Structure formats: C-alpha cells, structure tokens
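# A structural walkthrough
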Amino acid sequence: MIPALGLLVGVVIGLLLHPTVPLCLQPYLPIAVIAALDAVFGGVRAVLDGVFNDKVFVVSFLSNVLVAAFIVFLGDQLGVGSQLSTGVVVVLGIRIFSNVAAIRRHLFKA
Amino acid sequence: MSITPRPDASMGLITELMERPLEPSYAAAAHRRVEAGLPPSTSTRSVTIVIIALVVGFVLAVAALSLRSTTSVVGQARMQLIDQITARQTVGDQLAGQIQTLEKQIAAARASALAPSGQSALLAQLNSLQVAAGSVPVTGPGLLVTLDDAAPTKGSNADPRANGGFGDGRVTATDLQVITNGLWAAGAEAISINGQRLTTHSAIRFAGQAILVDFRALARPYVVTAIGDTATMQGAFGASTVGSYVKALTDNYGIPVTIEGNGSLTCPASSVPVLRYAEPLAPSAVPTATTTPSTPAAAPSATSGAKKTGSAAKTTASPSKTATPAGSTSAAPRPQATTP
C-alpha cells in the first residue's frame, strides 16, 4: 500500500513539475517506461507470491531500464534502431502480460 | 539452485518467454532467506521501495506529458498563424477600399480643377493615359478565357505537399503568363485576371502553391478578361503559338481551357502606382509614342518608363510580364498598397 501511495505521489509530482526532457533522451523515454513497468509488475507478483525481496526489485528495475535503453541506443548506432526497439517492446510486453496474468490469478482466484 | 536441464533446453528463449515463471532471483533470494531462518519475503515498506515508487510515478508522468504534447503545440501555432493571416487580410482589404475611395476623390477634385480653367486637352490626355495605365475601369467587347485545374487534382482537398508541388494537372503561373502574352499580342487593350487588372507594374508569378497577380493570390478557376476586338483577337490568338500551347494544355494535361467572345466585358481598375525613381525624360510631356525598349528579360528595370502614352496601349503593355516562372521576388519597387 505504501509503495502504491508513493507511485501516486510520484505521478502527481511529475504532472505538477512538468519538466522538459532533454532532446537527446527523448527517444529512450518510451522504452525506459516499459522496462520500468515490467520490473514493477514483477515486484507486485513477487509480493503476492510471498517472495518479495527489495534488493532484487531495485536491481531488476535499474538493470531493466539501463539494458533496454542501451539496446535501443545500440540499435540506433547500428542503423536497426526501430527493429531492435520493436523487439525490446515485444519481449517486455510479453513479460508484463504474464506477470499481470499471475497477479490476476492471485487477486481474483480466476 | 541446480535444476536438471530440460529435454527441450535448446528452446530456452521461447520457454523463457512463454512459460515464464517469476523472476528466478526472487525464488533464489527467498530460498536463501528461508535457509537463514528469516521470513521469505522482505517488507515492502522500506525506504528504497518508496523512493523507487516515487521515481517510477515521476517517470511515467513525465513520459506521458512529453510524448503527448508535441502535436498540440504545432497545431496551436498553426491556428495562431491562420488567425493572424485572416486578420491581416481583412485589414489589407479595408485599406484597399480606402485607397479606391480616396482615388475617386482625387479624380473628382482634379477634374473640377482642370475643367473650368480651359485645360480640357490636358484632361482628355489624362483620361486616355489612365485608361491605358489601368487606373480606371474600362468596358468593351472582348474575350473571356477560363482555365481550371484538371479534374483529378481538383477534388483533392488533401495536403498539397502530398503530391510534391504542382501536379501535372494544375494550372501554373507560366500558363497564365503565356496566355496573357498571347492576348496582348492578339490585340487586347485591357486584361484582368480574376478581377485583378494587369497594369504596367503587374507580374504573374507563383509562390508555394498559389498563383499571384500583383501579390494577390488567386483561387481557381482563373478567368482572364481581355477587352479588344473579339473576332480579330480570337483569330490571332488561335493562329498563334499560344493557340497550340492552349491546345496542348487541354490534350496532354487535361486542363480545361474555354475561350469565348463576349460583347460587353468590364475590367476593374487597379490602384495608381507611385513612381519614386522614374522621371519623365522630356519635362515638356509632349505626347510622343516613345516605346522605351524595355526587354522582358531585364524585368526589374522594365517598369521604369514613367507614364506610357495612351495611344500606344497595345505595344507598351507586354514587357511588364516577368518571364521568370520561378517564384523569386522581382526586385522592382512595388509601391502599390497590397495585402502583406
């Protein structure tokens, strides 16, 4: 519950402050967001499974974001930027789906 | 943890994606904690978790805002520009109306000043000069040439940049220039296009997608009104190279061009240009038919022959058309009040 409140507070702060993202970081923003979401849903599923570990959560969050951004950056340098980012989005999307399905099974027993 | 390798271990990637259990590190860490006697899950209330949650929420909000707002900013700027354009156009039209009223007043004052003092010859010369220079409306028989864009491009209200500039079926400024030149050569004495009178200072050019006459953009269909002797003009126009040009337009590009004679046409007046640098050569103003050799190629300097004499209306009018079809601004000083 406390982390959920923290999430809400973060969203509100972001909406109020409305910072401008530097132009060089803008292409990586969507990928970073999806990677962060994947780590967050993995954490929620771990909580429901009863095996949550904050160190694992933090490490998985940071490494997801960095690796996803790095793959997109590498793709841009190699000229296959859109294909690699599509691949990253597909994989992260599948992981998000399976985590959310597990959460759903926990919550609704259905 | 040691797991015996599955028989389908080579499909590791697919199985990883599809049957994905929870992140294995969670299970491993929980296993270790249980062995150490601690509860398998750490608390979710630690400071790190709250900070991470804040950061995630913040990043989500920033991403949503920054990735969404770009289009609306552009749209807003465009709407503002459109509003400014319409506002300035109304102001320009009002000023043009004012100019016309003032010119009428000037003409009336001049007539009343000249008539009683016995300068009727001067007044008559002034009137004929005005007719030739295009500063009074004229009426008479003549030809009506109507051009329109070819049918496929006519119905497309899509972004004109989509077909990369002038498609084949569009009327270009060159077409209008050629047709106007042909009409002058055929004996027209006054020409106006879509209500814009062509004077000695007029240029037909295009800027972007619009055709401009005297810096006013025209909307299709383009109606060229030429006052002169109907039969002679029609014959000379059709027999000249312009006639075959027009035929080629219709046949090859599908641009509908209609030429019809009319017994009574009117050409409106255009405003009187103010000449700042050109001065009459002989200050005694003897009405000689001096056709100053103004070559069409040197278009910027072609308009420097002050007030052309009225009787030579046919010969002096043609050099004012700039021959360059590119949308470059002609360098002649254009003192007429036009919409900015």
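Residues numbered from 1 in each chain as written. Chains lettered and ligands numbered in written order. Predicted model: local features only at pLDDT ≥ 70, side-chain atom pairs only at ≥ 80, totals over all residues. Heavy atoms only, no water.

### Topic: the overall build of chain A
The secondary structure content of chain A amounts to four helices and zero strands. The helix and strand sequence of chain A, counted from the amino end, reads α-α-α-α. In chain A, buried positions account for 40% of the 110 residues. The contacts of chain A with a sequence gap of at least 6 include a subset with a gap of at least 24, amounting to 74%. (Helix = DSSP H or I, 4+ residues; strand = E, 2+ residues; numbered from the N terminus. Buried < 20%, exposed > 50% of the residue type's maximum accessible area, 1.4 Å probe, protein only. Contact = heavy atoms within 4.5 Å.)

### What about the interface of chain A and chain B?
Between chain A and chain B, the contact holds 41 residues from the first and 35 residues from the second. In terms of surface lost to chain B, no three residues of chain A exceed Pro 3, Val 51 and Phe 52 of chain A, which account for 14% of the buried area on that side. Applying the counting criterion to the chain A and chain B interface returns zero salt bridges. On inspection of chain A and its partner chain B, the count reaches two residue pairs in polar contact (both at pLDDT 80 or more). Split into classes, the residues belonging to the side of chain A that touches chain B amount to 25 nonpolar, twelve polar and four charged. (Buried area = accessible area lost by both parts, 1.4 Å probe. Salt bridge = Lys/Arg side-chain N within 4 Å of Asp/Glu carboxyl O. Polar contact = N/O pair within 3.5 Å; in protein donor to acceptor, adjacent residues only side chain to side chain. Nonpolar A, V, L, I, M, F, W, Y, C, P; charged D, E, K, R; others polar.)

### A look at the packing of helix H6 (residues 173-186) of chain B against helix H7 (residues 230-239) of chain B
Two quantities define a packed helix pair, namely the angle between the axes and the distance from one axis to the other. Residues and elements named next belong to chain B. One can describe the packing of H6 onto H7 by two numbers: an axis separation of 8 Å at closest approach and a directional angle of 125°. With respect to each other, H6 and H7 are oriented oblique. H6 and H7 meet at a crossing whose hand is right-handed. From H6, Ile 179, Gly 182, Leu 183 and Ala 186 reach across to H7, where they touch Thr 232, Met 233, Ala 236 and Phe 237. Class assignment for the residues of the contact of H6 with H7 results in six nonpolar, two polar and no charged. (Axes fitted to C-alpha atoms, helices over the stretch in contact; angles between N-to-C directions. Parallel < 35°, antiparallel > 145°, perpendicular 65-115°, else oblique. Left-handed = near helix turned anticlockwise from the far one by under 90°.)

Purely geometric numbers; function is a separate question.
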